[in-house]
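Overview (structure and organization)
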Amino acid sequence: TDVVDAGETEIITLEKRMRTDVVDAGETEIITLEKRMRRVDSYIEDCHRRATKMAACTRSELGPHYEAASEALIKEITRVVTNEFELLEFQQFDDSYKTFLALPRQIVEYLERLLKCMSNSIYHEVLLRLHFDFDRNQSAIDVWRRSQPEHIDPSSFKNLLPDKQFEAIKQTDPHNPRHMEMVRDFASAYNCALQTAKQLMNADTDTPANALVQAVEEVRVRASYASILVGANIDMTKVVELEQELRNHRNALEASIDGILRGTPPPDDAGRRPWDRILKTMLDQYLQLVKLTPGYQPSSAPGIISLLVEKLKETTNQCLALPDCIQQLQLKSEAFQRLQAWELSGSAGPMGCSGGLSLFETVAQLENALCQDGSISSEMLHMTELQSQANTHNMRMHEIHQQIVTQIDAAMTCLDASASFDAKKDHVLDPKPFEVILSREMDALIGLVHSNLHMQVKQLKTKVEKIAQDNLQELQTELKCKKYSAANLVLQRWKFLEPLSSLAVFSSLPGSNASDAMLKDHCNRLTSVACSALNAHLKAAKVDNVVAWPILWLAKFGSDIARASVFVNDAMADTLRLAESKLGTSGMQSLASELRRLDPALGNEIVSSSDAFQTLVIEEFNEKTKRDISVVKKLFAEKNEHIEDGLVWDKYDKFKTAYDDYLQQCIGGFQEMDDSLDWLVQQAKNHVGTDKQNDRKSHRFRTVVTHIPLGSQGAAAMGCNLGNCQEQVPKVLAAIFAWWTMEFYLRLKKRNPDMSTDTAKLRHANNGQVICLLRLLGATTKGFIELTNHLAEVPTGEGKSVILGVLATTLALYGYNVDCVCYSSMLSSRDCDDFTSMFKSFGVSSQVRYGTFDDLSEALIKEQYGDLRQAANNYIVGAVCSKEPQRAPPPRVLIIDEVDVFCSEAFFGGAYCPQLEIKNDAVARLMRYIWSIRKVRLDLGSLKGHPSYQAVLHSGVLKEESVWLLEHSVQQMHMVAKAFVPDVHDLKMEHGRILYKVEGRDDYASWSYGYETNAEYLDKFEKGNLTEAQLLSGLALHVRCGEFAFAKLPDAFKHILGVTGTLDKSKLPPQMLEVLRKEVQIEHFTYCPSMYHSQKRDFRPDSRAYVQLAKDEDEHFNMIADEINLRLKPTLNMEGMRSVIVFFRDEKELQHFRSSSYFGAHRSKAAVLTELTAARREDRDNIIKAATRQGMVTLASRMYGRGTDFKIFDDRMEACGGLHVLQTFFSGDLSEEVQIQGRSARQGNQGSYSLVLEVNSLAKQFDQQVQTMIGWPAEEVYANLAKLREARAAGEVQSLRDMAAKRKKEHDILIDALKAFSGGKADAMETVMRRYNTTTGLVMGGNGLHIIFCLDESWSMYGAGWAELVSAFDRFWQTRAAEQSGTSEYASVVQFSDTARVTHTMQVVHGPAPSITFQGGSTAFVPPIRHVSELVANYGPAQGYTVVVVFMSDGAAGDAAGAANLLERLASEHLSQFACCTVGFGASASCTLASMAFSNGVQETGNYRTADIGSLGKAFAVVASSIAPGRV
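Residues numbered from 1 in each chain as written. Predicted model: local features only at pLDDT ≥ 70, side-chain atom pairs only at ≥ 80, totals over all residues. Heavy atoms only, no water.

Section: the packing of helix 9 (residues 177-202) against helix 11 (residues 236-262)
Two elements in contact, helix 9 and helix 11, have axes separated by 11 Å at closest approach and are oriented at 15°. In terms of axis orientation, helix 9 runs roughly parallel to helix 11. In this structure, helix 9 meets helix 11 at a crossing whose hand is left-handed. Contact residues: helix 9 offers Tyr190, Leu194, Ala197, Lys198 and Met201, while helix 11 offers Lys238, Val239, Leu242, Glu245, Leu246 and His249. In terms of residue class, the contact of helix 9 with helix 11 is built from 7 nonpolar, 1 polar and 3 charged. (Axes fitted to C-alpha atoms, helices over the stretch in contact; angles between N-to-C directions. Helix = DSSP H or I, 4+ residues; strand = E, 2+ residues; numbered from the N terminus. Parallel < 35°, antiparallel > 145°, perpendicular 65-115°, else oblique. Left-handed = near helix turned anticlockwise from the far one by under 90°. Contact = heavy atoms within 4.5 Å. Nonpolar A, V, L, I, M, F, W, Y, C, P; charged D, E, K, R; others polar.)

Some remarks on the nonpolar core
In this structure, Phe902 and Leu1076 are the most contacted members of the largest nonpolar core, which totals 216 residues. The next biggest cluster of nonpolar side chains, apart from the first, holds 72 residues, and it includes Ala658, Tyr662, Val729 and Ile803. (Core = buried A, V, L, I, M, F, W, Y, C linked by side-chain atoms within 4.5 Å. Buried < 20%, exposed > 50% of the residue type's maximum accessible area, 1.4 Å probe, protein only.)

Things to note about the sheet that holds strand 9 (residues 1004-1005)
One open sheet holds the 3 strands; their spatial order is 7-8-9, and the pairing between them is antiparallel. Two strands bound the open sheet, and with one partner strand each, they are strand 7 (987-990) and strand 9. Pairing of strand 7 with strand 8 (residues 993-997), which is carried by 4 bridges, proceeds in the antiparallel orientation. Residue pairing in the sheet places Glu990 in a bridge with Arg993 of strand 8. Against the sheet, helix 41 (residues 1011-1022) contacts strand 7 and strand 8, and its axis sits at roughly 125° relative to strand 8. (Pairing = 2+ DSSP bridges.)

Observations concerning the sheet that holds strand 3 (residues 848-851)
Sheet strands pair via backbone hydrogen bonds, and the direction of the pair is either parallel or antiparallel. Strand order across the open sheet formed by 6 strands is 3-2-4-12-1-13, with parallel pairing between neighbours. Taken across any chain shown, the strands that pair with only one partner, and hence form the sheet edges, are strand 3 and strand 13 (1084-1087). Taken pair by pair, the neighbouring strands of this sheet meet at an average axis angle of 15°, ignoring direction. As defined by bridge partners, strand 4 (residues 892-897) adjoins strand 12 (residues 1055-1060) across 5 bridges and the pair is classed as parallel. Note that in strand 12 the partner of Leu894 across the bridge is Ile1056. Sitting on the sheet, helix 33 (residues 825-841) touches strand 2 (817-822), strand 3 and strand 4, and the angle it makes with strand 3 is about 160°. On the sheet, helix 34 (residues 853-865) packs against strand 2, strand 3 and strand 4 and is oriented at approximately 135° with respect to strand 3.

Examining unusual backbone geometry
Of note, His991 is a non-glycine position whose phi angle comes to about 55°, a positive value. A relative accessible area of 73% places His991 in the exposed class.

A look at the pairing of strand 3
The pairing of strand 2 with strand 3 spans 4 bridges and is parallel. Note on strand 3: the bridge partner recorded for Cys820 is Tyr850. Between the parallel pair strand 2 and strand 3, the chain is carried across by helix 33, and the sense of this crossover is right-handed. (Right-handed = clockwise from strand over helix to strand, strands pointing away.)

Quick look at the pattern of salt bridges
Under the criterion given, the structure shown has 62 salt bridges. Arg49 is paired through a salt bridge with Glu45; the nearest N and O atoms lie 2.8 Å apart. Linking Arg49 with Glu45, this pair stays in helix 2 (residues 27-55), spanning 4 residues, or about one helical turn. On the accessibility criterion, Arg49 (44% relative accessible area) is partly exposed. Here Lys466 ties to Asp470 by a salt bridge, and the two come within 2.9 Å at their closest N and O atoms. Here Lys466 and its partner Asp470 are both found in helix 20 (residues 454-480), 4 residues apart, which amounts to about one turn of the helix. Owing to a relative accessible area of 53%, Lys466 belongs among the exposed residues under this scheme. Taken together, the shared-partner salt bridges connect Asp819, Arg849, Glu863 and Arg892 into one network. (Salt bridge = Lys/Arg side-chain N within 4 Å of Asp/Glu carboxyl O.)

A word on the packing of aromatic side chains
This structure, assessed with the given rule, holds 37 aromatic pairs. Look at Tyr484 and Trp553: their rings are 6.0 Å apart centre to centre, the planes differ by 75°, and that puts the pair in the edge-to-face class. Linking Tyr484 in helix 21 (residues 484-497) with Trp553 in helix 23 (residues 545-560), this pair joins segments that are 69 residues apart in sequence. Judged by its relative accessible area of 1%, Tyr484 falls in the buried class. (Phe/Tyr/Trp six-rings, centres within 6.5 Å; stacked < 30°, edge-to-face > 60°.)

Here we look at the packing of helix 23 against helix 25 (residues 600-609)
Close contact between helix 23 and helix 25 brings their axes to 10 Å; oriented N to C, the two are set at 90°. Classified by the interaxial angle, the pair formed by helix 23 and helix 25 is roughly perpendicular. For the pair helix 23 and helix 25, contact is made by Ile551, Leu552, Ala555, Lys556 and Ser559 and by Leu602, Gly603 and Ile606, respectively. Grouping the amino acids of the contact of helix 23 with helix 25 by side-chain chemistry returns 5 nonpolar, 2 polar and 1 charged.

Brief notes about the side chain of Glu71
Tracing the backbone shows Glu71 in helix 3 (residues 63-85). Sequence-distant contacts of Glu71, that is, excluding residues within four places in its chain, are made with Thr392, Asn394 and Met395.

Quick word on helix 13 (residues 301-320)
Between its terminal C-alpha atoms helix 13 stretches 29 Å, which fits the 28 Å expected from 20 residues at 1.5 Å a residue. Along helix 13, the residues classified as buried are Ala301, Ile304, Ile305, Leu307, Leu308, Val309, Lys311, Leu312, Thr315, Thr316, Gln318 and Cys319. (Expected span 1.5 Å × (residues − 1).)

Focus: the environment of Leu1296
One can find Leu1296 in helix 51 (residues 1277-1318). For Leu1296 and Phe908, which are 388 residues apart along the polypeptide, the C-alpha to C-alpha distance reads 5.8 Å.

In structure tokens form, the structure reads like this:
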């Protein structure tokens, strides 16, 4: 530091010494200049010595400081030399040249002596490296000498400036022969200059700096003397032509520069320079042309400056950014080299003395020239700031070196985390940093920055390989000792490193394949031991632990190590198949008993999950569910007040008689029957045929029935009104159930040919299931009635899938097409797979479909109106639409799995929105190009001329009349790209495709958010998560083909049937039952009793022991931990422990509790069931199986509270009190609570349920004050919460109904258009296309933009939610303030709860955001919208302001429909000068907010966004960036 300071002092001192003004020529001045020369020489030499010494110290601890000091001294040398020789800088034919020629002789001679001194100095080489041009400066001195009057002679006349030549000509006698010779030389010089100017204009290589300016100025000066010089014969028309050529060339050059900056840069190839070098050449020439064409103001100049500044910023940022992937690393390397090239011109250096300019300097001069020219405004001058931020090449090298070091250190630190990796909460290692560090591109970059980091990179690779090898050796040791839990921990650590094995550099890493091979080998060893024990066992001997223990060890291996279960499952099946053949039926029963005795939990799990023990399991199940029909009658009568005593029971008797008869014939006469399954299928079809014949005879009982032509399925394809004549239905059901029983029997028989035919060991139709089916099929009263809309409640875990499968088969046999709809695609696929063989055997596979509402909508639309996407595509390309003749649709029955699907927001407010994706290489290139220019204003006119746009036009995907669609698409893509914020939506990558989380479901699907999805693909590609091919397959033009309301789906079905676990009024709110009756038109309800003997769930909602309320989070966690400890204890005086599953609102809350000190005692052994831990199927299955073992604690997210079957295999659990379910939040939906409760006490087992709640979250949930809720008596907490839930649900249902009505209206408009199109009106499709794919745009008022915020301040927003909203509001404000482009913007703020208040009015959007403070209350939407109406009336379109409303809420309100109506009026009145964007915050936000989003006078769901906790700021930023003239 002292050395540097001393150097700085010396510099300052010399600066003072060098401020001597030049005096008149004389001896004194000569002496002064001589001293000055010695001082300058001495000072530069001193700086050089100091810099050399400091540069030698850069490897010490203070290396960076010494290096910086050395660079500072080198800069000082540059400054001093530049200052001394700047007098020799000139541009020909301008003022600087005249000043140069007027220099005093003493100064020029001084500079010549200094130049000679420097040439012979020790720092000569340094000056050369700094691009100091000795020859050029000497040439300048020579030019000065030749220009002096005493030197003018015939040979030197040609070297004079034009005005000097003119003066020489004037001073020469016209009669002197020399006079005419000089005139001819003057004219000849004019022609040469003219030719030089034209050549320089057309040159495509580097030319000397300002050469064109000099040539043109010479032409202009000589032409100005043309009329005076007699005999010069100067052609003035050539000057006029040159001026026009200059303007034309400027236009052409602007277009070329714009093309390079906007389009794909020209490729590097032999004979051509890189695009960045071409750009430098073009800009040098463009700068000269701007100087030469003052007053000429082309419209493209502002765009070019914007693009140039953006390109310089982008290149600088790319160079200095930390690369996340190979692509970014490549960009970084290219940017680093580009900046070096731009900093150091080929013909010039950084010092003014050499005459060259860096690209930054060129653009800065260009900005100033264009500003003086009037082509751009002073507001567009950015280069001064940009130049100040630009680093030198050496500084960039140092910074990149430090970045690489930081990256390597971070990767090393990540590897150290493998030892503490917790698979229950931690994410696996991200391979991207390692891919970047160990890439060839990084190796090349290290070479470019002259950094010696190759050894550190090698050490990183070695460390990874060592950790992997150590893991493998440890795994081998643990397996050898049969320490499976320890081995599983080793595998969990490997899971952390496993992503690295996908990298090519680690292709030989001993990882997954090696560990799997080790697991498989160990599994084979255990299997061999078990098989040896079985082979050694005598068939007559009793099965003992010698046989059982090896099987248990094999099972334990798969149970403790989820990854091994893949091998164990097959090995166990083979082992038990051998056991069957060796032990026989009685021996297998003995083996089952021994397995259960040795390990009750694991043994029972083996028995229950293996086909080898199916007869035993079924026998136990049959015994457990066996009930006399008289008991069933009584239970049904208790649960169903209006059930008839006669009809359904008569039909049951017929069923039972037929069913027993079929089994007797099939099993008793098996040897004589070729195929019992085919025989049963034929019996069912025969009975259906009999009903149809009777039906045709009973015309007077028939209603309107749609006829189905006879097809390949014979009688099964005949249309039949099943309700009119259903005498054979019991026999049809009997045949189907008999088939189900026999199919099971034959599978067992195939495994064990010696198996006895004891029917008690076969699966049978439970009498409760049969009664349920008979009721659903019309047995509700005496006489003949038509099949009606009917729902049945079946307790959870009691065979709903069997009822659905048999019901679908029966209806299909009677000629109906059946759609079974479930909320989950995963569960739907599982149920379909279970009954595929039944559908295939009965020949009804084509008539039965399983799926979600989306699947159903797609199928129905295609069935009724053809392929809508194909029709849209035909319209767009201009193809002739070939319409197939309309066939009468088949009678359809909709079967619902879980009725709360009908009562959800997704059903009422949801719509199926089919979308056509137009994809080809040209489209992908256009989307990529728009992405590349997303940060600059879109010039649609220029874009239309771009090659990528033209390529799409000529690719055949659009007819001429559909070009409007492409224009709309590019505008939408640019808007989205400009406003894009990554990962706003919950998504994941799978095989190069983006899949979005399906709202309200536990799966992901290939949905699309239009051009946001394009942006996601491009963002993921830039981050290295996609290949080039995957990117191309993901980019598309997105064409919306309509919105089909889910609420209209029931209209497409003749009948609606369903089974659900939540139908009783204690499980489904009364308003939901009303919806089922009025909206879905359900006529009958059946409530089925449990097939088990009693409901054993222990839950008393009026007891503080079952419902607890904590005052804060700390107490909440404490209570949860205490409740876990309490519920683990047995409820009876028995040994052992129960198991507990704790359900949390979300994974974040779960992990927060898990990491708390209160859970410390259980943390290491407790399981975690979330999307993270259950990503692999084998992991999920193992966690679910283990959850019901004694002493097990499992923390689960709420999504696993529905549809997850937690089976209890350990009989000791029943004696201890069974599984306990603990819920830590209060469900806003009663059916969700019922489903979570249903995870315990399933299938007649013991179980209990309790709630531990936190008052602050409840206050937010129901917009209540905390103190009020704390004051509730403990025994009234649940009842009060239930009342609040019911009251909110009642309001929400009305809003949902209103929203559904609007959806239906839109649906009907679309259907009318499709009907017209199907009828031959081709223009009807254009109506559809334009309705969903055009946006008029936001038209700005003359006084600017008025943004009105409506911000929810109800109690649910209190605390963290409000803090996040304040932050999001500030982010919105700053985004708008930064993006303003001349339009005045104002903002008003309305804060609301159940009332509303205007807290800010017409504040200018500039500077910091105004403060907003919390007030609290419940939630209503109409009050804030009334204030919006008043603000629009006072500061709206009538006063010259365009209005955009931003409405945000985290909840629902009963008056949402009223608020939507008020907004609709405003939208209809003000059209393109009004828009409303809505944001739903958190999981409780209602989708009714979608009905409040408007644009251009109509509802626009694209203006509705959702934001999870933690991402509200992102959503607000997207909305802020999407507001601009021409779009919302």
